[in-house]
Amino acid sequence: MSQTAELAAKSHSMQAKRDRFLNRIGSGSLIMGIVNATPDSFSDGGQFQTAAAAVAQARKLTADGADIIDVGAESTRPGHEPVPADVECARLEPLLRAVVSSIEQPVSIDTSKASVARFAADQGVAFINDVWGLQKDPAMADVVAETETGVVIMHNREETDRDCDIIADMRRFFDISLSLADKAGIPMRHIILDPGIGFAKSKAQNLQALRGLRQLQHYGLPILVGLSRKSLLGAIVEGTPAGDLKIEPRLIATLAANIAAAAEGAAIFRVHDAAEHLAAFKVFDAISRA
């Protein structure tokens with residue numbers, strides 16, 4: 001196969017995976033499984049940095065019910081050390097193509113750097129998951145448009161402002177991001193919104209953001225929520241019989257929070273634990289359709 005034909009085949013495969021996923025939105029709660037190729041992520045740092053480990057985890061998550069796999073090579077936990085683009089790509093290079101080719105589900109890349117997004121698109125990823133919503137790197141919107149990937153636009157802030165109206169702030173942020181997307185030529189049907197739970201928000205603002213998800217539905221875009229095992233949930237369950245901040249209490253708290261988010265209109269859920277969420281969402285979706 002010539003290089004041109006190979007690129008065309010890869011592009012066709014990516015677009016098919018992208019569209020299959022997007023077309024399923026609204027048919028039930030969808031699960032995004034997390035594979036962190038990082039040494040310092042708060043929950044599973046250092047566990048999936050090799051191709052073999054990343055592929056095994058991606059396969060486990062999809063077997064457990066994940067509809068899409070999100071790979072990241074830079075931790076975005078509070079207080080994280082920024083990673084240069086070349087280091088991010090070096091972490092991804094041994095494993096990203098292997099993950100993409102090992103599963104039928106689409107793969108997304110968790111990055112806010114345009115050069116990393118382009119590298120990942122060349123490896124066959126179908127979505128760019130940008131925690132800065134196209135606003136951090138001025139080239140990001142153009143890369144998304146040129147590669148024809150889908151994009152998750154997440155709300156973020158430079159710092160927490162406990163006095164701000166967080167729903168109004170999200171609307172202002174998304175208005176800017178969607179303007180950038182439109183200017184670059186990104187189709188609206190390729191866009192997913194994420195309220196950015198745990199990013200530059202107080203505990204009260206995180207809870208308000210989850211409670212106010214329906215106020216974002218006027219955009220007519222699907223909403224993704226990523227709150228798996230976050231400290232916000234640990235703080236809520238602390239002091240309960242199971243609330244010693246180990247993983248199990250946070251898993252229970254994550255399930256409860258995601259069901260609440262689903263009730264408020266969220267469609268996609270970024271999680272570490274796919275099997276448990278598949279079971280919970282089967283019950284939730286059955287009740288919702290009854």
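Looking up the chain in an unreviewed UniProt entry gives the name Dihydropteroate synthase, with the organism given as Methylocella tundrae. Per UniProt, the chain has the following entry under Function (unreviewed entry): "Catalyzes the condensation of para-aminobenzoate (pABA) with 6-hydroxymethyl-7,8-dihydropterin diphosphate (DHPt-PP) to form 7,8-dihydropteroate (H2Pte), the immediate precursor of folate derivatives." Reading the Sequence similarities (unreviewed entry) entry of the UniProt record for the chain gives the comment "Belongs to the DHPS family."

> Quick rundown of the packing of aromatic side chains? Include the residues and the values.
Scanning all chains against the criterion turns up four aromatic pairs. Judged by centre distance (5.5 Å) and plane angle (75°), the rings of phenylalanine 21 and phenylalanine 127 are edge-to-face. Here phenylalanine 21, found in helix 1 (residues 3-24), pairs with phenylalanine 127, found in strand 4 (residues 127-130); they are 106 residues apart in sequence, far enough to count as distant. When the ring of phenylalanine 174 is compared with that of tyrosine 219, the centres are 6.1 Å apart and the planes differ by 85°; the resulting orientation is edge-to-face. In this pair, phenylalanine 174 sits in helix 7 (residues 166-184) while tyrosine 219 sits in the loop between helix 8 (203-211) and strand 7 (224-225), placing the two residues 45 residues apart along the sequence. The exposure classification of phenylalanine 174 matches that of tyrosine 219, with both residues buried. Taken together, the ring pairs connect Phe173, Phe174 and Tyr219 into an aromatic cluster. If you follow lysine 136 out to its NZ or CZ, it ends over the ring of tryptophan 132, 4.4 Å from the centre.

> Outline the side chain of threonine 254, supporting the account with residue identities and numerical values.
By the secondary structure assignment, threonine 254 is in helix 10 (residues 247-263). Here threonine 254 falls in the buried class, since its relative accessible area comes to 1%. Beyond its immediate sequence surroundings of up to four residues, threonine 254 is in contact with Leu227, Ser228, Arg229, Leu233 and His277.

> Please provide a residue-by-residue account of the nonpolar core, values included.
Membership of the largest hydrophobic core comes to 70 residues, with the highest contact counts inside it found for Ile69, Val71, Val107, Leu134, Ile186, Ile191 and Val225. Residues Met32, Ala126, Leu224 and Ile268 belong to the second largest nonpolar core, which totals 13 residues.

> Residues and numbers for the pattern of salt bridges, please.
Under the criterion given, the structure shown has 14 salt bridges. Linking lysine 60 and aspartate 64 is a salt bridge whose minimum nitrogen-to-oxygen distance equals 2.8 Å. Taking the relative accessible area as the measure of exposure, lysine 60 reaches 48% and is therefore partly exposed. Notably, a salt bridge pairs arginine 172 with aspartate 169, separated by 3.4 Å at the nearest N-O pair. Placement of the pair is arginine 172 and aspartate 169 together in helix 7, with a separation of three residues, close to one helical turn. Here arginine 172 falls in the partly exposed class, since its relative accessible area comes to 47%. We classify aspartate 169 as buried; its relative accessible area is 10%. Each of Asp70, Asp110 and Arg270 takes part in salt bridges that share partners, so that together they form one network.

> Before we move on, could you go through the sheet that holds strand 2 (residues 68-72) and cite the residues and values that matter?
Within the open sheet, the eight strands sit side by side as 6-5-4-3-2-1-8-7. Their pairing is parallel. If you trace the sheet from one side to the other, it starts and ends with strand 6 (191-194) and strand 7, each paired once. Where strand 4 meets strand 5 (residues 150-154), four bridges bridge the pair, whose relative direction is parallel. Within strand 5, the residue paired with isoleucine 128 across the bridge is valine 151. Here helix 2 (residues 51-63) sits on the sheet in contact with strand 1 (30-36) and strand 2, set at roughly 165° to strand 1. Sheet strands in contact with helix 11 (residues 274-289) are strand 1 and strand 8 (268-271), and its direction is about 170° off that of strand 1.

> Quick rundown of the side chain of arginine 270? Include the residues and the values.
Looking at the element boundaries, arginine 270 is found in strand 8. The class of arginine 270 is buried, set by a relative accessible area of 17%. A distance of 2.8 Å separates the side chain of arginine 270 from the side chain of aspartate 70, its partner in a polar contact. Within the local environment of arginine 270, its side chain forms a polar contact with the side chain of aspartate 110, the two groups lying 3.3 Å apart.

Quick notes on the rules
Residue numbers here run from 1 along each chain, matching the order of that chain's written sequence. Residue-level local features of this predicted model are given only where pLDDT is at least 70; pairs of side-chain atoms are given and counted only at 80 or more, and the full residue set underlies all totals for whole chains, interfaces and linings. To get the side-chain values, take all heavy atoms of the structure and skip hydrogens and water. UniProt positions are given in the numbering used here, feature names are shortened, and annotations may be inferred rather than shown by experiment. Ring geometry is summarised as follows: Phe, Tyr and Trp rings, the Trp one being its six-membered ring, pair when their centres sit within 6.5 Å, and such pairs are stacked at plane angles under 30 degrees, edge-to-face over 60 and tilted between the two. A run of DSSP states H or I qualifies as a helix once it reaches four residues; a run of E qualifies as a strand once it reaches two. Both are numbered from the N-terminal end. Relative accessibility under 20% of the residue-type maximum defines a buried residue, over 50% an exposed one, and the middle range a partly exposed one, all with a 1.4 Å probe and only protein chains included. Either the NZ atom of lysine or the CZ atom of arginine qualifies as a charge over a ring when it sits within 6 Å of the ring centre and within 35 degrees of the ring normal. Residue contacts are counted whenever heavy atoms from the two residues lie within 4.5 Å of one another. As used here, the term nonpolar core means buried Ala, Val, Leu, Ile, Met, Phe, Trp, Tyr and Cys residues forming a set that is joined through side-chain atoms within 4.5 Å. Any carboxyl oxygen of Asp or Glu that lies within 4 Å of a side-chain nitrogen of Lys or Arg is treated as forming a salt bridge with it. A pair of strands is considered paired only if DSSP assigns at least 2 bridges between the two. Axis geometry follows a simple rule: fit a line to the C-alpha atoms, using only the stretch in contact for helices, then measure angles between N-to-C directions, giving values from 0 to 180 degrees. N or O atoms within 3.5 Å of each other form a polar contact, as long as, within protein, one can give a hydrogen and the other can take it, and as long as residues adjacent in sequence are counted only when both atoms are side-chain atoms.

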